[in-house]
Amino acid sequence: MTTTVQFQTQVKNLIDSLKGICSNYGLGNSGDEYIIITQTFLYKFLNDKFAYEVKQLNTELAKAEKWQQAIEQLTEEEYEMLTLQLSADTAVLQSHHFISHLFGIQNTSDFAKTFDDTLMDIAIQNNDIFSVITTSGSKEPLFERISEKIDEGDRNAFAKAVINQLVDFSFEHIFNEKYDFYATIFEYLIKDYNNDSGGTYAEYYTPHAVAKIMASILVTEDNIQDVTCYDPSAGSGTLLMNLAHAIGEDKCTIYSQDVSKKSSKLLRLNLILNNLVHSLQNVVRGNTILAPFHKDNDNELQKFDYIVSNPPFKLDFSEYRDDLDSKENNERFFAGIPNIPKKKKESMAIYSLFLQHIIHSLTKNGKAAIVVPTGFITAQTGIDKKIRKKMVESKMLAGVVSMPSNIFATTGTNVSIVFIDKNNTEDVVLIDASNLGTQIKEGKNKKTVLSDIEEQQIIEIFNNKKTVDNISVVVSNNDIIKKNYSFSAGQYFKVKIEYIDISNESFVDSMVSYQKSISELSVKSSQLENEIFKNLKKLSCSGK
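Residues numbered from 1 in each chain as written. Predicted model: local features only at pLDDT ≥ 70, side-chain atom pairs only at ≥ 80, totals over all residues. Heavy atoms only, no water.

You'll find the chain entered in an unreviewed UniProt entry as site-specific DNA-methyltransferase (adenine-specific), with Flavivirga spongiicola given as the organism. According to its UniProt record, the chain has this under Catalytic activity (unreviewed entry): "a 2'-deoxyadenosine in DNA + S-adenosyl-L-methionine = an N(6)-methyl-2'-deoxyadenosine in DNA + S-adenosyl-L-homocysteine + H(+)". (UniProt positions renumbered as here; feature names shortened; annotations may be inferred.)

Set out below in structure tokens:
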């Protein structure tokens, strides 16, 4: 077993142990479990990251058998100088915050309160960097009092059980690991809390294959520097993490907004794990459509170089629909705002508002990739068609990939990915990938999985603008206008006539056979016609 695999196994075992503790105290699969699991995991990560960083700065600490005791021997001035040298992505801890300190006092009478106080103190001391802001301007702290989610009589035992799990294993050996390691860990950590069953605004989970295809098509240039990346419905950040990884975590700044409290917490954890702490201040919890947060120095909506999004498709936003219909939103929602239906308000097409918001939020050279319901690419009326006309007539459409059905496990809606590139004034690539993939069963549902080869096939066809029989076409914007702005590849595939070489003798034989068949059919037709006339005549006689 390789070292990386060993560490992955150890981290997964730690996560499983924490889930086991929650289960033992009656919180298995409850709404509080994900808070306890993600926060204790984050506490462990920050504790070990602090230890790793101070050892890099002070060799005496690195050599010490017990670094926690060695750090306690530093004077107040020495400790302050040490923490001032820490990078901005490292939370500053005091010695009484260390896991080893809590482990040593676990038998005190009020240990659960001390445990919670410690987390809250870390959150307060690092609030400027690690908190998530809301559209109202308040800050959501890094931690909350997790032992209070347990029955009062069990809190000390619960806190002891948690701290005993955290003390046994060190993350210090994995801080040099790269994106793929943390992506695997994060996916394992949240797998029970961020599924794609939907139902809640902006909590849809994007499959890794879809995220990889989107990032690989958007990022084709080398030496990208200092760019902005945005997701207006970020969820736990799968799309943003793939995009940042493709660009380079130190070459981009992440911006996000999402109305879900849970998703914002998961996204914060994802950013911390993936060395994107410098972007935490740009994680905002709030309603993007009603109150977009990110604005420039002129108080105009901020523009971004790259935008990725898998927005909710349908949602009842009748409560604030009329508030959107304002003069200041005329340019942003250029194609219109869906009306409130008399029935099934939950079917209001909110994705069309996200699409318009994204187009409005791109810089003049910006790129975007957005997951949409496949019905969008061919709709012949209404807002959808107006959006497609805007993309084509403004020459910003780069292409569309129609994905296999069931690529999202528990939603039956077929999806496509629309790619926008404001520098693409020439040909457009339309890919029909609906016949790719292998169907597997996941619980009661069927799911389509793309192989690595199929993922790469889609990426190469798109980026090299290849025409492949029954999969892709390369068309001009004028071609799309002639097809009534259809983005469906299938409508551009040529109908092929297959020719077969035959000998003269075979041809004559075939013609004789056809003539014989036609003669026989003609005789039968005459007989049937006579029979019909006879019957009609009988009916006429009986009617006198």
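### Focus: a negative patch on the surface
A cluster of acidic residues, Glu 76, Glu 77, Glu 78 and Glu 80, forms a negative patch at the surface. The residue Glu 78 is located in helix 5 (residues 76-84) in this model. (Patch = residues over 30% accessible without salt bridge, like charges linked within 9 Å, V, L, I, M, F, W, Y side chains within 5 Å. Areas by Shrake-Rupley, 256 points an atom, 1.4 Å probe, with all protein chains shown as cover. Salt bridge = Lys/Arg side-chain N within 4 Å of Asp/Glu carboxyl O. Lys, Arg positive; Asp, Glu negative; His and termini not counted. Charge placed at Lys NZ, Arg CZ, Asp CG, Glu CD. Helix = DSSP H or I, 4+ residues; strand = E, 2+ residues; numbered from the N terminus.)

### Some points on the packing of helix 11 (residues 208-218) against helix 12 (residues 238-247)
Packed helices, taken two at a time, are described by the angle between their axes plus the distance between the axes. Contact geometry of helix 11 with helix 12 gives a least axis separation of 9 Å together with a crossing angle of 40 degrees. In terms of orientation, helix 11 lies oblique with respect to helix 12. By crossing handedness, the relation of helix 11 to helix 12 is classed as right-handed. From helix 11, His 208, Ala 211, Lys 212, Met 214, Ala 215 and Leu 218 reach across to helix 12, where they touch Thr 238, Leu 239, Asn 242, Leu 243 and Ala 246. Looking at side-chain class alone, the contact of helix 11 with helix 12 contains 7 nonpolar, 3 polar and 1 charged residues. (Axes fitted to C-alpha atoms, helices over the stretch in contact; angles between N-to-C directions. Parallel < 35°, antiparallel > 145°, perpendicular 65-115°, else oblique. Left-handed = near helix turned anticlockwise from the far one by under 90°. Contact = heavy atoms within 4.5 Å. Nonpolar A, V, L, I, M, F, W, Y, C, P; charged D, E, K, R; others polar.)

### Details of helix 11
The buried fraction of helix 11 amounts to 8 of the 11 residues, a majority that puts the element mostly inside the structure. Restricting attention to buried positions, one finds in helix 11 the residues Ala 209, Val 210, Ala 211, Ile 213, Met 214, Ala 215, Ile 217 and Leu 218. If you follow the buried residues of helix 11, they end up packed against helix 12, strand 6 (304-309), strand 7 (362-373), strand 9 (415-421) and helix 17 (452-463). (Buried < 20%, exposed > 50% of the residue type's maximum accessible area, 1.4 Å probe, protein only.)

### A short note on the pattern of salt bridges
It is possible for side chains of opposite charge to pair when their charged atoms get near one another. Counted according to the given criterion, the structure contains 16 salt bridges. The partner of Asp 128 in a salt bridge is Lys 139, with the nearest N and O atoms 3.6 Å apart. With Asp 128 in helix 8 (residues 127-130) and Lys 139 in strand 2 (residues 139-140), this pair connects stretches of sequence that are 11 residues apart. On the accessibility criterion, Asp 128 (66% relative accessible area) is exposed. Salt-bridge contacts for Glu 455 lead to Lys 212; the nearest nitrogen and oxygen are separated by 3.2 Å. Here the residue Glu 455 occupies a position in helix 17, and Lys 212 occupies one in helix 11, the gap between them amounting to 243 residues.

### Brief notes about the nonpolar core
Core analysis: the biggest nonpolar cluster contains 145 residues, and Tyr 43, Phe 376, Met 391 and Phe 419 have the highest contact counts within it. Here this core gets 13 residues from one element, more than from any other, and that element is helix 2 (residues 33-57). Among residues more than four places away in sequence, those in contact with Met 391 are Leu 355, Ile 359, Phe 376, Met 396, Leu 397, Val 418, Ile 420 and Phe 487. Core analysis: the next-biggest nonpolar cluster, separate from the first, contains 10 residues, Tyr 320, Leu 324, Leu 353 and Phe 354 among them. (Core = buried A, V, L, I, M, F, W, Y, C linked by side-chain atoms within 4.5 Å.)

### Some details on the pairing of strand 10 (residues 428-432)
Along strand 10, 4 of the 5 residues are buried, which leaves the element largely enclosed by surrounding structure. As judged from the 4 bridges shared by strand 8 (residues 397-402) and strand 10, these two strands associate in the parallel manner. In the sheet register, Val 400 faces strand 10, and the bridge partner there is Leu 430. Pairing of strand 10 with strand 13 (residues 472-475) involves 4 bridges; the strand directions are antiparallel. In the strand pairing of strand 13, Ile 431 is matched with Ser 472. (Pairing = 2+ DSSP bridges.)

### With respect to unusual backbone geometry
Of note, the phi angle at Asp 226 is positive, near 50 degrees, even though the residue is not glycine. The residue Asp 226 is located in the loop between helix 11 and strand 3 (227-231) in this model. What makes Asp 226 exposed here is its relative accessible area of 68%.

### Quick word on the confidence of the model for the chain
On average, residues of the chain score 88 in pLDDT, and 93% of them reach the 70 mark or higher. Note on residues 196-203: pLDDT under 50 across the span, and 27 contacts to partners over four residues away in sequence or across chains. (pLDDT = per-residue confidence, 0-100.)

### Some thoughts on a nonpolar patch on the surface
A surface patch of nonpolar side chains, about 600 Å² in accessible area, is lined by Phe 507, Val 508, Met 511, Val 512, Tyr 514 and Ile 518. In this fold, Ile 518 is placed in helix 19 (residues 504-542).

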